[in-house]
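Analysis of the macromolecular model
Listed here are the chains, written in short residue letters.
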Amino acid sequence: MNMEKFSAGLQQGLSSILERRKSKDSGQSSEEPAYETLPEIGVDFEVEEEQVMKGLELLYQDRLSEADEYFETLKTGHARFSLHHAEVASFIAMMSFEPEDIEFATTLLTETVSLADQQAKRWRTHSNLKKVNEAVGAMKTWALTTAATALKKAGPVGAQASAKLMPVENPSLPSDDDDDEGSSSKPSNREEATYNHRARRMRLWALLIQANPNTNVVQVVAAGESWTSMVKVGFNVKRCWSIYQHCQKKLDQLQKEWVSLGGTLTGTGPMVPGVQADSDSDEDPNGPELSFDPANAARAAALAAAGPSSSSRRSQNYDPELSAPEGEMIYQGVRAAAGNLERLEGGVKEDQELASLRIGIQFGTGAFNLMISLIPTNYQKAIELMAVPGDRNQGLSLLRKVSGLHHSRAPLAAIVLLNYFTVLMGLLPYTQEHAMGGRNVLHMLPIAWKESSVFRVMQARLASYETHLQEASAMIVKCLGNPVKSKGSEGIPMQRLANLILDEHGWYLLLQGDFTGAFENFGSLYKDTVWLKPLYACLMAACCWEADDKFHNEAAKLMRDLPGMMSSKKTNLTPMEHFALRLAHDFINNGQAPLFPALEIIAVYNGFQHMDKATLKRHLDRIGDALTTRSPSRASDYQHVFSVRSVVSKMTVSAS
């Protein structure tokens, strides 16, 4: 019964093929198009690329609410714009660490991955059905060949029947005059090769979006530290790396296809059979336009004015309404992106989309390697078992390369590098190499972006890392004085940015010994946060205690409230919260008054190495004054809580 169904299905399939051939031979066109309509390549992609850059400029120029609304308008049915919309939410979540912000960002990222997965399946150029058809064809060829061979041995009559059954000796090789297949069905013809190449680009975009490292970063923050959460994070890390490996394979395939197509998707001639190293010309006249004249700006403006076409990947509900100046912006963006293009084998140059895909993979691979290399030692064994890389040098090298390009991943690569050089390495002894690395990244940033609050904070962190605390404070004060740049800036996103700046300013005031000013900053943040309340309560208590003896009662009240704040948390405590709990426990249960708690916090974060000699001397003078002027009985109470000798030794080593 199964064989009968199989035979009937095979006969139906063969009949369908014969009908299509007859229709083609008679000059009739099929009612359905041969291929699914693909988006335009060229100016359409250039418009999309500059739309992404425009949204990111809003994000990195203190217009967070506008950036959120901009990408939300564009994202319908579009995985790439959905990703950037989710990244805006992730950016805000990373500033606040508030549960609602993290949950919102995670939801958007999950929706983006789901949409990208759908698009990856839609643009797949291979399928299981195709493999089955190929297997059936091979079985049929084998059966016919075996039967023809047997008939040949049956004498003249059998040989004649064999010739009718199998007219050619080798059925896998077509005859020289076999043209009825036409140019639309053979894998080697240009039309099908071009279609498959473009479809593979679409699929690679979808795969790249799925592997975006921001997904894993937010999941790590939201997951907590339970064993089940760690297993979940490990699974996502392994899956992310597997997708990046697949993306690199697809990119290699696309680059080879691009070379075989002669560096153009609009050519009509035969495909290049192989890569020729001794190319006669460095530039293909039919390839992407590399001489940028003003006509390109007019083309971009005309395309934008016409609105999205039926084949566009952009949301059909959105009309970009690009004006002539914005068309000029696209033209300038194309000129800047021309520096991203690299030459492939045979001297063939990438087009802008292929270069953008390559840069996106480089950024993701670099960020992934750097992230894995920073995982604590006690988890390294698990990383080895998962067979994922953690090459820090490769990660830094790729991120440096991306940060200097005109690309949507450049500012994010710069932020990752600057945080690595100034924050993570700031916990270790100072090195000239890390300071120089941070300066080089800032040097490559566009001037307009350097004036934004986000990158001013990065510049301040670098200045602090190089012991220029006053310069760092001046930069942060400029951020506090930045004018409101958009009507939507009064919302939550701008509040999160303002809190980030206040936190940074409070830390610099704490390092300089301005405990009253630091207390005011941390007090403002204490009122605006839920998740970080214990942290800011501890900082307020430490600053309040050291500011003046008259504030000890207020500091004592904060320390008594700390255990209650900790007990309401459902996740594991952070190291800073453990320190705060110990401080409160010693004060409440043992009656031990804290001695220089702010300086102890500074020591935990290795803050003494951020101080110059004058600042260190001020702190040493305070310690000396406390030892010489306070009553002996009180000094003895302090002695068992805080080792003055160890603090003085640590501060002296830092100064030297």
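Reference entry: report on the structure contained in this document. Since the model is a prediction, treat every value here as computed from it, not as a measurement.

Quick look at helix H24 (residues 552–567) now. Under the 1.5 Å per step criterion, the end-to-end length of H24 is 24 Å for 16 residues, consistent within 8% with the ideal 22 Å. The sharpest bend along H24 reaches about 30° and sits at Asp561, with the proline Pro563 one to four residues further on. Taken residue by residue, H24 has His552, Ala555, Ala556, Leu558, Met559, Leu562, Met565 and Met566 as its buried positions.

Below, the discussion takes up the environment of Glu72. Structurally, the position occupied by Glu72 is in helix H3 (residues 64–74). Overall, Glu72 belongs to the partly exposed group, its relative accessible area being 42%. Taking the C-alpha atoms as reference points, Glu72 and His85, separated by 13 residues in sequence, lie 6.1 Å from one another.

What follows deals with the packing of aromatic side chains. All told, the structure shown has 13 aromatic pairs when counted by the stated rule. Taking 5.4 Å as the distance between ring centres and 75° as the angle between the ring planes, the aromatic pair formed by Tyr70 and Phe71 counts as edge-to-face. The class for Phe71 is buried, based on a relative accessible area of 0%. Connected via pairs of aromatic rings, a cluster forms that spans Tyr60, Phe91, Trp449 and Phe455. If you follow Lys533 out to its NZ or CZ, it ends over the ring of Tyr526, 4.2 Å from the centre.

The next point concerns the side chain of Asp62. Mapping Asp62 onto the fold places it in the loop between helix H2 (43–59) and H3. A polar contact of 2.8 Å, which involves the side chain of Asp62, links it to the side chain of Ser453.

Where helix H13 (residues 352–373) meets helix H15 (residues 392–403), the axes come as close as 7 Å, and the angle between the chain directions of the two elements is 145°. The two elements H13 and H15 meet at a crossing, and its hand is left-handed. Residues Arg358, Ile359, Gln362, Phe363, Thr365, Gly366, Ala367, Asn369, Leu370 and Ser373 of H13 touch H15, and the partners they reach there are Arg392, Gln394, Gly395, Leu396, Leu398, Leu399, Lys401 and Val402. Partitioning the contact of H13 with H15 into residue classes produces 8 nonpolar, 7 polar and 3 charged.

Moving on, we come to the pattern of salt bridges. For the coordinates displayed, the defined rule picks out 21 salt bridges. One salt bridge connects Arg358 with Glu342, and the closest N-O pair in it is separated by 3.4 Å. A residue pair is termed long-range when its members are at least 10 positions apart, and Arg358 in helix H13 and Glu342 in the loop between helix H12 (324–337) and H13 qualify at 16 residues. Here Lys557 ties to Asp561 by a salt bridge, and the two come within 3.4 Å at their closest N and O atoms. Linking Lys557 with Asp561, this pair stays in helix H24, spanning 4 residues, or about one helical turn.

A surface patch of nonpolar side chains, amounting to about 370 Å² of accessible area, comprises Leu427, Leu428, Val604 and Tyr605. Position of Tyr605 among the secondary structure elements: in the loop between helix H26 (597–604) and helix H27 (613–629).

On to the packing of helix H8 (residues 190–210) against H13, then. Running from N to C, H8 and H13 point in directions that differ by 25°, and their axes come no closer than 11 Å. As far as their axial angle goes, H13 and H8 are roughly parallel. Both H8 and H13 take part in a crossing whose hand is left-handed. Contacts between H8 and H13 involve Arg201, Leu204, Trp205 and Leu208 on the former and, on the latter, Glu353, Leu354, Ser356, Leu357, Gly360 and Ile361. For the contact of H8 with H13, the class distribution of residues is 6 nonpolar, 2 polar and 2 charged.

End to end, helix H20 (residues 469–480) covers 17 Å across 12 residues, agreeing with the expected 16 Å (1.5 Å per residue, within 8%). Every buried residue of H20 is listed here: Leu469, Ala472, Ser473, Met475, Ile476 and Cys479. Taken end-on, H20 shows its buried residues confined to a sector of 160°, consistent with a single buried face. With respect to the buried face of H20, the exposed residues turned more than 90 degrees away are Gln470 and Lys478. For H20, the secondary structure elements touched by its buried residues are helix H19 (453–465) and helix H21 (492–511).

What follows covers unusual backbone geometry. Positive phi is not limited to glycine here, since Phe596 has a value of about 50°. Of note, Phe596 is situated in the loop between helix H25 (575–588) and H26. A residue is classified by how much of its surface remains accessible, and Phe596, at 7% relative accessible area, is buried. At Asn606, a position not held by glycine, the phi torsion is positive, near 55°.

Moving on, we come to the nonpolar core. Judged by nonpolar contacts, the single largest core of 99 residues is most densely connected at Leu59, Tyr60, Phe91, Phe455, Leu497, Phe522 and Leu562. The element contributing the most residues to this core is helix H23 (residues 533–547), with 10 residues. Apart from residues no more than four positions distant in its own chain, Phe455 is found in contact with Tyr60, Pro411, Ala414, Ile415, Leu418, Leu445, Trp449 and Lys450. Residues Ile102, Trp205, Leu354 and Ile372 belong to the second largest nonpolar core, which totals 43 residues.

The rules we used
- Residues numbered from 1 in each chain as written.
- Predicted model: local features only at pLDDT ≥ 70, side-chain atom pairs only at ≥ 80, totals over all residues.
- Heavy atoms only, no water.
- Helix = DSSP H or I, 4+ residues; strand = E, 2+ residues; numbered from the N terminus.
- Expected span 1.5 Å × (residues − 1).
- Bend = angle between axes of the 7 residues up to and from the residue.
- Buried < 20%, exposed > 50% of the residue type's maximum accessible area, 1.4 Å probe, protein only.
- Phe/Tyr/Trp six-rings, centres within 6.5 Å; stacked < 30°, edge-to-face > 60°.
- Lys NZ or Arg CZ within 6 Å of the ring centre and 35° of its normal.
- Polar contact = N/O pair within 3.5 Å; in protein donor to acceptor, adjacent residues only side chain to side chain.
- Axes fitted to C-alpha atoms, helices over the stretch in contact; angles between N-to-C directions.
- Left-handed = near helix turned anticlockwise from the far one by under 90°.
- Contact = heavy atoms within 4.5 Å.
- Nonpolar A, V, L, I, M, F, W, Y, C, P; charged D, E, K, R; others polar.
- Salt bridge = Lys/Arg side-chain N within 4 Å of Asp/Glu carboxyl O.
- Patch = residues over 30% accessible without salt bridge, like charges linked within 9 Å, V, L, I, M, F, W, Y side chains within 5 Å.
- Areas by Shrake-Rupley, 256 points an atom, 1.4 Å probe, with all protein chains shown as cover.
- Parallel < 35°, antiparallel > 145°, perpendicular 65-115°, else oblique.
- Arc of directions from axis to C-beta.
- Core = buried A, V, L, I, M, F, W, Y, C linked by side-chain atoms within 4.5 Å.

Purely geometric stuff here, so don't read any function into it on its own.
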